[in-house]
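# Understanding the architecture of this molecule
These are the residues of each chain, in order.
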Amino acid sequence: MAESKHLCDCQQQVDEVKCLKRLDVVIKEYREKPGALIPVLQIAQGLFGYLPEVALKRISLGLDKSYSEVAGVVGFYSFFSTVPRGRNLIRVCLGTACYVRGGKQVLEAIKKHLGIDVGQTTPDKLFSLEVARCFGACGLAPAITVNDDVHQRVKSAKVHEIINSYRKVPKGKAARQKRVKS
Ligand code: FES
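Structure report, in brief.

Formed by 24 residues in total, the largest nonpolar core has its most connected members in Leu23, Val40, Leu41 and Ile59. Those elements that provide at least two residues to this core are helix 1 (16–30), helix 2 (37–48), helix 3 (53–62) and helix 4 (67–76). Sort the elements by how many residues they give to this core and helix 2 lands first, with 8 residues. Filtering out sequence-adjacent residues up to four positions away, Leu41 remains in contact with Leu51, Leu56, Ile59, Val70, Val73, Val74 and Phe80. Counting 19 residues, the second largest nonpolar core, distinct from the first, contains Ala109, Ile110, Val146 and Ile162.

Moving on: helix 3. Within the span of helix 3, buried status applies to Ala55, Leu56, Ile59, Ser60 and Gly62. In the core, the buried residues of helix 3 are packed alongside helix 1, helix 2 and helix 4. Just downstream of helix 3, Asp64 is the residue with a positive phi angle, here 60 degrees.

So, about the pattern of salt bridges. Taken as a whole, this structure holds 9 salt bridges when the rule is applied. The shortest N-O distance in the salt bridge between Lys57 and Glu53 comes to 3.3 Å. Of this pair, Lys57 and Glu53 both sit in helix 3, separated by 4 residues, roughly a single helical turn. Taking the relative accessible area as the measure of exposure, Lys57 reaches 43% and is therefore partly exposed. Residue Glu53 is classed as partly exposed on the basis of its relative accessible area of 48%.

Rules used in this analysis
Residues numbered from 1 in each chain as written. Predicted model: local features only at pLDDT ≥ 70, side-chain atom pairs only at ≥ 80, totals over all residues. Heavy atoms only, no water. Core = buried A, V, L, I, M, F, W, Y, C linked by side-chain atoms within 4.5 Å. Buried < 20%, exposed > 50% of the residue type's maximum accessible area, 1.4 Å probe, protein only. Helix = DSSP H or I, 4+ residues; strand = E, 2+ residues; numbered from the N terminus. Contact = heavy atoms within 4.5 Å. Salt bridge = Lys/Arg side-chain N within 4 Å of Asp/Glu carboxyl O.

Any functional reading would require information that these geometric values do not contain.
The following block contains the structure:
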């Protein structure tokens, strides 16, 4: 499966034309390959930062698939988003191990601290919140991720500290400093 990373500088101020041109190149490259839809969607999300309707239409046409099929795949996988995400993506695990060890309370604490619900982005565009089902860190539950960082044994009372540590750190730097935190 292709990596979902940003391939151009259009995440903040979307230069739609530029991104669409890049997307056309990607579609051309993948159109003859079997199972092209998901990798192309991943790359498109990397280009735009999310999956706008215009990109989905372009992919539908380019890969010769119905729009409803493309939209259906996007809706099925939680890692695809049709709304712009914030600079930092927080994902709270609600898998069984995390749930029974307080994952729900951690989620509530994050929602309260940020003032947003699951699937929403803060007005300053710094944080988006999603839920997930198991990061493979069950032994040290409850776990959350912030971008590429995994935080384990998270306590509701401490979520503000975790979140605040991302307010001024450029995206990616925290990940380089400490990939796994417990
Ligand atoms: S259930 Fe949360 S990391 Fe596995």
